[in-house]
Amino acid sequence: MTEFVSDTCAIAGRDLRHLLRLPEKLIGFTVMPLAMVLGLGILFGGSMRVPGGGEYGAYVSAGVVTSMAVSMTALSALGVVGDLQDGMFDRLRSLPVSRLAVLCGRVAVDSILVVVAMVSVASAAGIVGWPVGARPHAVLAGMGLEMLLGMGCSCLGIFLGLTFRNAEAVISVVPVCLLPVTFLSNAFVPPDGLPGWLRDVVGWNPVTAVTSTVRGLLSTSDAASTAGFFGHPAPFALAFCLVLIALAAPAATRAYDRAGAAR
Amino acid sequence: MDIAIQAEGLRKRYGGKQAKDALNGVDLSVPAGTIFGLLGPNGAGKTTIVRILATLLSADSGEAGVAGFDVRRQPKEVRRRIGLTGQYAAVDERLTGRENLRLIGTLYHLGRSATRVRADELLEQLDLTDAADRPVKTYSGGMRRRLDLAASLIAEPPVLFLDEPTTGLDLTSRLTLWEVIRGQVRGGATVLLTTQYLEEADQLADRIAVLNNGGVIAEGTPDELKDRVGDDRLRVTAASAKDVIELTKVLSRFSGDEPLVDEERRTVSVSMTEGVRGIATVATELAEAGIPVADFQLSRPSMDEVFLSLTGDAPQPVAEGAVA
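Per an unreviewed UniProt entry, chain B is named ABC-type xenobiotic transporter, and its organism is Streptomyces scopuliridis RB72. Its UniProt record gives chain B the following Sequence similarities (unreviewed entry) comment, quoted word for word: "Belongs to the ABC transporter superfamily. Drug exporter-1 (DrugE1) (TC 3.A.1.105) family." According to the UniProt record, the Subcellular location (unreviewed entry) comment for chain B reads "Cell membrane".

For chain A, an unreviewed UniProt entry supplies the name Transport permease protein and the organism Streptomyces scopuliridis RB72. The UniProt entry for chain A carries this comment under Sequence similarities (unreviewed entry): "Belongs to the ABC-2 integral membrane protein family."

This is the structure:
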């Protein structure tokens, strides 16, 4: 058990160092969400009608954080492919390290990135004066949910990275799969204006559940989007994140076991 | 004597389009404290064997044990006792050399202070102290390979797998690595080494297995393998080109074989069954015949000749420019 903890910390320490020495990656999770919130909020703020009233900038903040958590899939996949290609992966697999520790280390660092994104989004929104995060415990709960989503997506990314095994495949396939998942949710656009069937798709999209829950926690109301979850997105959002982790984490560890099979 | 690495009937077939047997029943047995060389052309299955023994890959069938533990059933026990240096330097580019070694040491569960001490020792030993705190991406190829070897030595594992550890290294780095490898064996480690360099196998290995198309085609000490190829050969180089024909006549009297003549180098070689006694006689005969000699040597078949004659697709001993 202590070995597991020290292994996880060692792997996380390595991934954290990568993060600090690869500023462009960190920029992706600080400047990027900040620019998205300000850009979207100011550009579309005038023309977007937020259900239940309120600032579009505050509305889109939760969506941006959620989309960042979802994009963890691509980030983790690329990280794993990098390790596969430079042989680091073989090195790790030849060591007496539990596979789960390798997974946990990376997922831990990736979920820290979600927090980083959330903090930069919240500070951007706060500076402009959009009402985000009135109640500290609610903000923490929202952060926790986004972290869970980030962890699940990170596990999924590790699985995909180990399955595709090359960066080109990851870059061309993963975003194409993620884009509709994010866009067909209420992350960026209130679904009110959509045709009925599409509104159902958006309504039952887990990304919508997470976004709506976080919006609720950040004290911006989002009643209209949550029709798909019988008006209660939170339990669905939580359940979805946990199920995603429960499915993707074992898939990722199994892929790790098999990763030596081909070269 | 303890057997450190044992394999019986290892088979492996990779899926995919060109499905062919990567290994078709390989047996190996490496006594503890020795260096075992795996020699073979590209695609012979050397890396596949190393990956199976290092628990990175599972064999389709067959049994393998390393340091007394079953590779398939007790992989974690095996991993505690092995160090692996693969064909590609498996080090983290963004970390410094020292950070790389400390990470690996931590993951071997050496403990904090032991890891630090051992990392510094290895950096010193492999001549990386000056570069220790620079990110590995600034390292040259040779430095990476040395760091990679250091990483596999940090836990002082009883069994070392070195998959072409010196490919692409300059001579100095290669000699450093050889010395480090010999040092490990003096300390009791067992080494399984694959190499493309026949000289490396000849220099380092106690026993060699020659691998071709996924099977072991010959095994033995370097001397035993050389004996299989043929007798010692005497090579005599005439001082001037006009003497080559006369030289050939003299030498042909001492061997059942037809002498091999290399006109360009003025060298004639014959196989010698009589060894040192034969040399004395030849030298006397040449002096009596009045043929000035530029070079005179008795040598064993080289590992190159062994390798080529075993793997088959090559001329017989003393190939170059032979005119029979």
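From this point, things continue past the structure.
Caption draft 1: Focus on the overall build of chain A. Counting its secondary structure elements, chain A contains ten helices and zero strands. The order of helices and strands in chain A, counted from the N terminus, is α-α-α-α-α-α-α-α-α-α. What you see for chain A is a C-alpha radius of gyration of 19 Å, in line with the 18 Å of a compact globule of 263 residues. Judged by the C-alpha coordinates and their principal axes, chain A covers about 55 × 40 × 35 Å. The proportion of buried residues among the 263 residues of chain A is 52%. In chain A, the share of contacts with a sequence separation of at least 24, taken over all contacts with a separation of at least 6, comes to 83%. For chain A, the accessible area works out to roughly 10,900 Å², and carbon and sulfur atoms hold 74% of it. Here chain A contributes 16 positively and 15 negatively charged side chains, and the mean placements of these two sets differ by 4 Å.

Caption draft 2: Quick peek at the packing of aromatic side chains. Residues and elements named next belong to chain A. Applying the stated criterion to the full structure yields four aromatic pairs over all chains. A centroid spacing of 6.1 Å and a plane angle of 25° characterise the contact between Tyr56 and Tyr59, whose relative ring orientation is stacked. With Tyr56 and Tyr59 both in helix H3 (residues 56-85) and three residues apart, the pair spans about one turn of that helix. The ring of Tyr256 carries the charged tip of Arg93 above its face, separated from the ring centre by 5.9 Å.

Caption draft 3: A look at the interface of chain B and chain A. With 29 residues of chain B in contact, the opposing surface of chain A contributes 26 residues. Across the interface of chain B and chain A, roughly 2,700 Å² is buried in total on both sides, 55% from carbon and sulfur atoms. On the chain B side of the contact with chain A, B:Arg79, B:Arg94 and B:Leu107 bury the most area, a combined 25% of that side's loss. Across the pair A:Arg91 and B:Asp148 runs a salt bridge whose closest N-O atoms are separated by 2.2 Å. Applying the counting criterion to the chain B and chain A interface returns twelve residue pairs in polar contact (both at pLDDT 80 or more).

Caption draft 4: Summary view of the packing of helix H9 (residues 206-217) of chain A against helix H10 (residues 233-258) of chain A. Residue and element names in this part refer to chain A. Closest axis-to-axis distance for the H9/H10 pair is 8 Å, and the angle between their directions is 125°. Taken together, the axes of H9 and H10 lie oblique to each other. Seen along the crossing, H9 lies across H10 with a hand that is left-handed. Here Pro206, Ala209, Val210, Ser212 and Thr213 of H9 come into contact with H10, specifically with Pro233, Ala234, Phe236, Ala237, Phe240 and Cys241. Looking at the contact of H9 with H10 residue by residue, the classes come out as nine nonpolar, two polar and no charged.

Caption draft 5: Just the pattern of salt bridges, in detail. All names here are of chain A. Taken as a whole and assessed by the stated rule, the structure comprises 30 salt bridges over all chains. Two residues, Arg49 and Asp192, come together in a salt bridge whose shortest N-O distance is 3.8 Å. With a gap of 143 residues between them, Arg49 in the loop between helix H2 (23-44) and H3 and Asp192 in the loop between helix H7 (167-183) and helix H8 (196-204) connect regions that are remote in the sequence. Judged by relative accessible area, Arg49 falls into the exposed class, the value being 61%.

Caption draft 6: Structural detail: the nonpolar core. Ranked by internal contacts, the top residues of the largest apolar core, which has 69 residues, are A:Leu162, B:Ile35, B:Leu101, B:Leu107, B:Leu147, B:Val191 and B:Ile208. Examining the composition of this core, we find that six residues originate from one element, helix H5 (residues 141-153) of chain B, more than from any other. Once residues within four sequence positions are removed from consideration, B:Leu101 is found in contact with B:Thr115, B:Ala119, B:Leu122, B:Leu123, B:Leu147, B:Ala150, B:Ala151 and B:Ile154. By size, the runner-up hydrophobic cluster in this structure holds 49 residues, among which are A:Leu113, A:Leu178, A:Val214 and A:Leu244.

Caption draft 7: View of the side chain of B:Thr85. With respect to the helices and strands, the residue B:Thr85 is situated in strand S6 (residues 82-85). Those residues within four positions of B:Thr85 in sequence are excluded, and the remaining contacts are B:Asp148, B:Leu149, B:Ser152, B:Phe161, B:Leu162 and B:Asp163.

Caption draft 8: Expanded view of the environment of B:Glu93. Residues and elements named next belong to chain B. Structurally, the position occupied by Glu93 is in the loop between S6 and helix H3 (97-107). A relative accessible area of 30% places Glu93 in the partly exposed class. A C-alpha to C-alpha distance of 42 Å links Glu93 and Lys226, two positions 133 residues apart in sequence. Once you skip the residues sitting within four places of it in the chain, Glu93 turns out to touch Pro135, Val136, Lys137 and Arg144.

Caption draft 9: Representation of the layout of surface pockets. Residue and element names in this part refer to chain A. Put simply, the second largest pocket is a space of about 510 Å³. Considering the residues around the second largest pocket, the lining is formed by 22 residues, among which Met32, Ser67, Met68, Ser71 and Leu178 are closest to the centre. Elements with a contribution of two residues or more to the lining of the second largest pocket: H2, H3 and H7.

Caption draft 10: Structural view of empty space enclosed by the protein. Residues and elements named next belong to chain A. What the rule picks out here adds up to two cavities of 30 Å³ or more. Roughly 110 Å³ of internal volume is contained in the largest cavity. Elements that contribute at least two residues to the lining of the largest cavity include exactly helix H1 (2-21), H3, helix H4 (88-93), helix H5 (99-128), helix H6 (136-164) and H10. Top contributing element to the lining of the largest cavity by residue count: H5, with four residues. Classifying every residue of the lining of the largest cavity gives ten nonpolar, one polar and five charged. Approximately 40 Å³ is the volume attributed to the second largest cavity. Lining the second largest cavity are Asp15, His18, Lys25, Arg106, Val109 and Asp110.

Thresholds applied
- Residues numbered from 1 in each chain as written.
- Chains lettered and ligands numbered in written order.
- Predicted model: local features only at pLDDT ≥ 70, side-chain atom pairs only at ≥ 80, totals over all residues.
- Heavy atoms only, no water.
- UniProt positions renumbered as here; feature names shortened; annotations may be inferred.
- Helix = DSSP H or I, 4+ residues; strand = E, 2+ residues; numbered from the N terminus.
- Rg over C-alpha atoms; globule rule 2.2 N^0.38 Å.
- Buried < 20%, exposed > 50% of the residue type's maximum accessible area, 1.4 Å probe, protein only.
- Contact = heavy atoms within 4.5 Å.
- Areas by Shrake-Rupley, 256 points an atom, 1.4 Å probe, with all protein chains shown as cover.
- Lys, Arg positive; Asp, Glu negative; His and termini not counted.
- Charge placed at Lys NZ, Arg CZ, Asp CG, Glu CD.
- Phe/Tyr/Trp six-rings, centres within 6.5 Å; stacked < 30°, edge-to-face > 60°.
- Lys NZ or Arg CZ within 6 Å of the ring centre and 35° of its normal.
- Buried area = accessible area lost by both parts, 1.4 Å probe.
- Salt bridge = Lys/Arg side-chain N within 4 Å of Asp/Glu carboxyl O.
- Polar contact = N/O pair within 3.5 Å; in protein donor to acceptor, adjacent residues only side chain to side chain.
- Axes fitted to C-alpha atoms, helices over the stretch in contact; angles between N-to-C directions.
- Parallel < 35°, antiparallel > 145°, perpendicular 65-115°, else oblique.
- Left-handed = near helix turned anticlockwise from the far one by under 90°.
- Nonpolar A, V, L, I, M, F, W, Y, C, P; charged D, E, K, R; others polar.
- Core = buried A, V, L, I, M, F, W, Y, C linked by side-chain atoms within 4.5 Å.
- 1 Å grid on protein atoms, 1.4 Å probe; cavity = no way out; pocket = protein on both sides within 12 Å on 5 of 7 lines; lining within 4 Å.
- Points joined across faces, edges and corners; volume = space filled by probe spheres on them.

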